[in-house]
Number of protein chains: 2
Amino acid sequence: MTPDEARARFRSGVKEPTAGWSAGWTQANLIALPRDLAYEFLLFAQRNPKPCPVLDVTEPGATSSPLFSGDLRTDLPGYRIYEHGELVAEVDDVTDLWREDLVAFLVGCSFTFEAALLEAGVPVRHHEAGSNVPMYSTSVECRPAGSLSGPLVVSMRPVPAGQVADAVRVTSRYPAVHGAPVHVGDPAALGIRDLDAPDFGDPVEVRSGEVPVFWACGVTPQAAVMRSRPPFAIGHAPGHMAITDARDSDYLVP
Amino acid sequence: MTPDEARARFRSGVKEPTAGWSAGWTQANLIALPRDLAYEFLLFAQRNPKPCPVLDVTEPGATSSPLFSGDLRTDLPGYRIYEHGELVAEVDDVTDLWREDLVAFLVGCSFTFEAALLEAGVPVRHHEAGSNVPMYSTSVECRPAGSLSGPLVVSMRPVPAGQVADAVRVTSRYPAVHGAPVHVGDPAALGIRDLDAPDFGDPVEVRSGEVPVFWACGVTPQAAVMRSRPPFAIGHAPGHMAITDARDSDYLVP
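This report concerns the structure included in the present document. Owing to the predicted nature of the structure, the values given are computational and were not obtained by experimental measurement.

About the criteria used
- Residues numbered from 1 in each chain as written.
- Chains lettered and ligands numbered in written order.
- Predicted model: local features only at pLDDT ≥ 70, side-chain atom pairs only at ≥ 80, totals over all residues.
- Heavy atoms only, no water.
- Buried < 20%, exposed > 50% of the residue type's maximum accessible area, 1.4 Å probe, protein only.
- Helix = DSSP H or I, 4+ residues; strand = E, 2+ residues; numbered from the N terminus.
- Least-squares fit on C-alpha atoms with pLDDT ≥ 70 in both.
- Contact = heavy atoms within 4.5 Å.
- Pairing = 2+ DSSP bridges.
- Axes fitted to C-alpha atoms, helices over the stretch in contact; angles between N-to-C directions.

### Quick look at helix H2 (residues 38-47) of chain A
Working step 1: Along H2(A), ten of the ten residues are buried, which leaves the element largely enclosed by surrounding structure.
Working step 2: Every buried residue of H2(A) is listed here: A:Ala38, A:Tyr39, A:Glu40, A:Phe41, A:Leu42, A:Leu43, A:Phe44, A:Ala45, A:Gln46 and A:Arg47.

Next comes the structure, spelled out in C-alpha cells:
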C-alpha cells in the first residue's frame, strides 16, 4: 500500500497501529506545539537525538510538509490531545484543533527499521501478534531544554539471544530513526518494573531464550509534554504513526 | 596540545588558522545570534544538516557549554562581527559584544576528519602549505527557514584522482562534521569561477592529476547572515575554529 493509499484509509476512519503498513516507506512520530515553544522543542531534540531525531518541521499552521504530502490533521490513524500536560482526548481527526500557531515536528520512528530486521531474520513479535509495540517510560532522564524535560521512552522487541548482535548491527545503520538499541537485557536498569505493563502500546511475550532489547522511542516528546505541561500539544496515538513520502532507504547509512 | 592549552594561546593573542591544532580534538564553527532568531537558525540547521551539523547550543548569554569549557568570548583565535549582514569588524576578543540574549551555536567542522584523511594517506594541501583551507560560496541554495536563507559554502581539498574514493570513504564516516563530499570535480557546477580566488581562507595549489573535492562548510551560517541581514551576529573568523572538549572519535560512526 502506498503512503497515499494508507493515509486515505486512516482519513476514512481506519484506526490501527501502523507497524508493517506501507513496507519500505518511512513512518514518523508527530508532536505539534505552539510556535512559542518550537525553539525549546527543537533544542530538546538537538540535545536528545536518539529519542528525538527530527525528520521535518512544518511552517506554523501548515498541515503538510515536504516529507508528508497528506493532511497532518486527518491522515494519521489516531491523535492524542494534551492540555497543560494532561491527556484530555484521543481522537482520529484534529481538524478543529489545528491552530494557526501550531508547529508540527515529524520525528523518526523505529518501525522504519523493522523491515530490515525481518530481512535479517530477526523476528518482530508485535508483527507476529498483530499488536502494537510495547513502549515504556524509563528512569533515564533526557537532557532538558528550557521548560522541557522528561524521561526517555523506549520501545521493546524480544530478540533471541543469538540474534541480538544482528539486531544491533542492522538498526545501527538507521541512526536517523533511533538507530542502535539504547539498552539490551535488564529492564530494571531502565526502571521498568513489569514488561507486561507497558506505558504505551500492548505487551508482547518474551519467550525462553529471548532477551528484551530496548530502542529509543519517538513517544519521548509526549512524555516531555506530560511532565512539562505546556498549554497545548497534539501528538500521534502511540504506535499510530504518520506514514511519510520518504523511503526507509533514505535513512540507511552505508 | 590539549584544548585547554590551545585556548589559552588564543586567549593570549595568538591568531592563526586552527587546522592541525590539537589533533584528535573536535573543532567547531561558531555562530551567535540573538535569542529571537535562535529558532530560525536551529530550523535552518535542521533543514541543511550537511553544512550546519549542530554539535551544541548555549543558554542565552552563556559563555561556555558542555562541549566547550573555555570562554567563547576569548578562546577562539578570531571572530567576525556582523551588523545587519555587514561584516563590520574582525577581532580576537568579543567580551564587550557578548550580549545577554546571545545564543551560540557550535557547528561541526571538517577539520575534524583531516587527521583521518592523513592516516588514510590522503594528503591535505593546506596542512602542507601552512595556510588556511580555501572556502567558496556556491550557486547552490540552502533550504530557507523563516528569514534565513543563503548559499551553501564549501571547503576544498585537492585529492589525487586515485585517492578520491578513499577520501569519500573516510569522511563519510564522520556525518556530524559534514561527512562525505557534496561535490567532486567540476567547480563550475557549483558556480565557482576561480579556484584561486576563494571567498574565505587561502588558495591552494591543485596539481596535475589532482581533483578538487568539495565538502559542505560551517561558514554557511555566516553566508546566511550576510544574505539575511539579522541586526547582529558573531561568527568565528573562517578557519579559526573553536577547539572543543570532544574527541574526533565521538563523531565517528562504525
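### Overview of the relation of the copies chain A and chain B
Working step 1: Laying chain A over chain B is done by rotating through 180° and shifting 0.0 Å along the axis; what remains is an RMSD of 0.0 Å. The operation mapping one copy onto its partner corresponds to a two-fold rotation axis. Among all residues of chain A, the one whose C-alpha sits closest to the rotation axis is A:Tyr39, at a distance of 2.3 Å.
Working step 2: An overlap of 100% is found between the interface residues of chain A and their copies at the interface of chain B, pointing to a shared contact surface.

### Digging into the sheet that holds strand S9 (residues 210-216) of chain A
Hydrogen bonds between backbone atoms are what pair the strands of a sheet, whose relative direction is either parallel or antiparallel.
Residue and element names in this part refer to chain A.
Working step 1: Strand order across the open sheet formed by four strands is S6-S7-S9-S8, with antiparallel pairing between neighbours. Strand pairing shows two members of the sheet lacking a second neighbour, strand S6 (135-141) and strand S8 (183-184), which therefore form its edges.
Working step 2: Judged from the two bridges that link them, S8 and S9 form a sheet pairing that is antiparallel. For His-183, the partnering residue across the bridge sits in S9 and is Phe-214.
Working step 3: Packed on one face of the sheet, helix H5 (residues 164-171) meets strand S7 (151-160), S8 and S9 and runs near 15° to S9.

### Some remarks on the sheet that holds strand S6 (residues 135-141) of chain B
All names here are of chain B.
Working step 1: Across the sheet, four strands lie side by side as S6-S7-S9-S8; this open sheet has antiparallel pairing. Because the sheet does not close on itself, it has two edges, and the strands there are S6 and strand S8 (183-184).
Working step 2: Contacts from helix H5 (residues 164-172) reach strand S7 (151-160), S8 and strand S9 (210-216) within the one sheet, and its direction differs from that of S9 by about 15°.
Working step 3: Sitting on the sheet, helix H6 (residues 220-228) is in contact with S6 and S7, with an inclination near 145° to S7.

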